[in-house]
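Each chain, letter by letter, is given below.
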Amino acid sequence: MKFKIEKETRWDINKMDIVTKYYIWAGTKCLASVDNEEEALVIYDKIKSSYIDGDTVVIKEEDVEFE
């Protein structure tokens, strides 16, 4: 699996300014887009580790006894 961050810089006519977006990819799927590089790096690491290590979280667990 290939992971990458793409940086796109373009002119936003509505803001009348240059806008930069960061896209985080896993294979051919874009899984996130953010506005700053620091956040992109954090999300990239989370996505990459969830694919490598798995990212399962127990939401609720209980023992049930049937009679």
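Up top is the structure these notes are about.
As a starting point, this report considers the structure included with it. Only a predicted model underlies this, so the values are computations on that prediction, with no experimental measurement involved. Residue positions within a chain follow its written sequence, with the count starting from 1. For this predicted model, a pLDDT threshold of at least 70 governs which residues receive local features, and a threshold of 80 or more governs which side-chain atom pairs are given and counted, while totals over whole chains, interfaces and linings are taken from all residues. Where side-chain values are given, they derive from all heavy atoms of the structure, hydrogens and water being excluded.

1. Examining the overall build of the protein
Filter applied, for reference: The helix and strand labels rest on DSSP assignments: H or I over at least four residues marks a helix, E over at least two residues marks a strand, and numbering proceeds from the N terminus. Using a 1.4 Å probe on the protein chains alone, a residue whose accessible area is under 20% of its type maximum counts as buried, one over 50% counts as exposed, and one in between counts as partly exposed. Residue contacts are defined here by distance: any two heavy atoms, one from each residue, within 4.5 Å place the two residues in contact. The method behind every accessible area is Shrake-Rupley, applied with a 1.4 Å probe, and residues are considered shielded solely by the protein chains displayed.
A count of helices and strands for the protein gives one helix and three strands. Evaluated residue by residue, the protein yields a buried proportion of 16% over its 67 residues. A separation threshold of at least 6 residues defines the contact pool for the protein, and within that pool the share at least 24 residues apart is 19%. By element, 49% of the accessible surface of the protein is carried by carbon and sulfur atoms, the whole surface being about 6000 Å².

2. A look at the sheet that holds strand β2 (residues 17–26)
Our working definition: Here the rule is simple: two strands pair whenever DSSP picks up at least two bridges between them. Axes here mean lines fitted to C-alpha atoms, for a helix over just the part in contact, with angles spanning 0 to 180 degrees between N-to-C directions.
Taking strand neighbours across the sheet as the criterion, the three strands line up as β1-β2-β3 in an open arrangement whose pairing is antiparallel. Strands at the two margins of the open sheet, each flanked by one partner only, are β1 (3–12) and β3 (29–34). Averaged over all adjacent pairs, the angle separating strand axes in this sheet is 30 degrees, with direction ignored. Sheet topology places β1 next to β2; ten bridges connect them, and they run antiparallel. Across the sheet, Glu8 pairs through a bridge with Lys21, a residue of β2.

3. Quick notes on the pairing of β3
Two faces, one strand: in a regular strand the side chains alternate between the faces of the sheet. With five bridges connecting them, β2 and β3 associate as antiparallel partners. The residue of β3 that forms the bridge with Ile24 is Ala32. Two successive antiparallel strands, β2 and β3, enclose a turn made up of two residues, where Gly27 displays a positive phi of approximately 65 degrees.

4. Quick word on a nonpolar patch on the surface
Convention followed: Only residues whose relative accessible area exceeds 30% and that form no salt bridge are eligible for patches; like-charged ones are grouped when within 9 Å, while nonpolar side chains (Val, Leu, Ile, Met, Phe, Trp, Tyr) are grouped when within 5 Å. Salt bridges are defined by distance alone: a side-chain nitrogen of Lys or Arg within 4 Å of a carboxyl oxygen of Asp or Glu.
On the surface, Met1, Leu31, Tyr51 and Ile52 cluster together into a nonpolar patch covering about 450 Å² of accessible area. Within the secondary structure, Leu31 sits in strand β3.

5. Quick look at the environment of Leu41
Within the element layout of this structure, Leu41 appears in helix α1 (residues 37–53). In this structure the C-alpha to C-alpha distance between Leu41 and Ile5, which are 36 residues apart in sequence, comes to 8.0 Å.

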